[in-house]
Amino acid sequence: LDLYKNPVNKGNITKPEIDVSGGNPSCGDQVEFTMRIKDDVIEDVKFTGSGCAISVASSSIITEMVKGRNVQQAKKISREDFFDELGNIIQTRIKCALLGFMVLKQGIEAYEKNESKPTIIKGIVI
Ligand code: FES
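Basis of the calculations
Residues numbered from 1 in each chain as written. Predicted model: local features only at pLDDT ≥ 70, side-chain atom pairs only at ≥ 80, totals over all residues. Heavy atoms only, no water. Helix = DSSP H or I, 4+ residues; strand = E, 2+ residues; numbered from the N terminus. Buried < 20%, exposed > 50% of the residue type's maximum accessible area, 1.4 Å probe, protein only. Salt bridge = Lys/Arg side-chain N within 4 Å of Asp/Glu carboxyl O. Pairing = 2+ DSSP bridges. Axes fitted to C-alpha atoms, helices over the stretch in contact; angles between N-to-C directions. Contact = heavy atoms within 4.5 Å.

S.K.: Which residues make up unusual backbone geometry, and what are the values?
M.R.: Here the phi dihedral of lysine 15 falls at roughly 50 degrees; this positive angle occurs in a residue that is not glycine. Summarising the element assignment, lysine 15 is placed in the loop between helix H1 (2-5) and strand E1 (18-24). Within the chain, glutamate 115 stands out as a residue other than glycine whose phi angle is a positive 55 degrees. Topologically, glutamate 115 is positioned in the loop between helix H5 (94-113) and strand E4 (119-125). On the accessibility criterion, glutamate 115 (61% relative accessible area) is exposed.

S.K.: Which residues make up the pattern of salt bridges, and what values do they have?
M.R.: Two side chains of opposite charge can pair, provided their charged atoms sit close to one another. For the structure on display, the rule yields five salt bridges. A salt bridge links aspartate 44 to lysine 67; the shortest N-O distance between them is 3.5 Å. With aspartate 44 in strand E3 (residues 41-50) and lysine 67 in the loop between helix H2 (53-66) and helix H3 (71-75), the pair connects residues that are 23 residues apart, well separated along the chain. For aspartate 44, a relative accessible area of 17% translates into the label buried. Here lysine 67 falls in the partly exposed class, since its relative accessible area comes to 32%. Glutamate 112 serves as the salt-bridge partner of lysine 75, at 2.6 Å between the closest nitrogen and oxygen. You can see lysine 75 sitting in helix H3 and its partner glutamate 112 sitting in helix H5, a full 37 residues away along the chain.

S.K.: Pulling in residues and values, what's your account of the sheet that holds E1?
M.R.: The pairing of strands in a sheet happens through backbone hydrogen bonds and is either parallel or antiparallel. If you walk across this open sheet you meet the four strands as E3-E2-E1-E4, and the pairing is mixed. Of all the strands in the sheet, just E3 and E4 have a single pairing partner and so form its edges. Averaged over all pairs of adjacent strands, the angle between strand axes in this sheet comes to 15 degrees, irrespective of strand direction. In this structure, strand E2 (residues 29-38) lies alongside E3, joined through nine bridges in antiparallel fashion. Looking across to E3, one finds that isoleucine 37 is bridged to isoleucine 42. Against the sheet, H2 makes contact with E2 and E3, and its axis sits at roughly 175 degrees relative to E3, the strand it touches most. The sheet contacts of H5 involve E1, E2, E3 and E4, and relative to E1 the element is tilted by about 145 degrees.

Put into structure tokens, the structure is as follows:
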């Protein structure tokens, strides 16, 4: 609840190397991540969006997990790593917890496939 009320890394980065957004159509929750990458390192990452407490808090947590890592390290963060960081999430809210994780990871994967050129992806459906 603390991270929902006061999320870390909330906001937008201007001229980001990665701009990725997506949502969960069943509830309408949306999240967008912007990332600054220099020399393959994710120097900064911010997110915006509207969603339930779990989706906002977990989006905030994944930004902390990738900040300062290189692209390959960030890509390797698994669901298990992510859930270890999150702690216990009740089974019916797993999709809420994964919203930010999945959107951000798809952005990083697309950036790598795009040979590290600025990458914009909108409308990922989770
Ligand atoms: Fe929509 Fe949680 S209710 S992501």
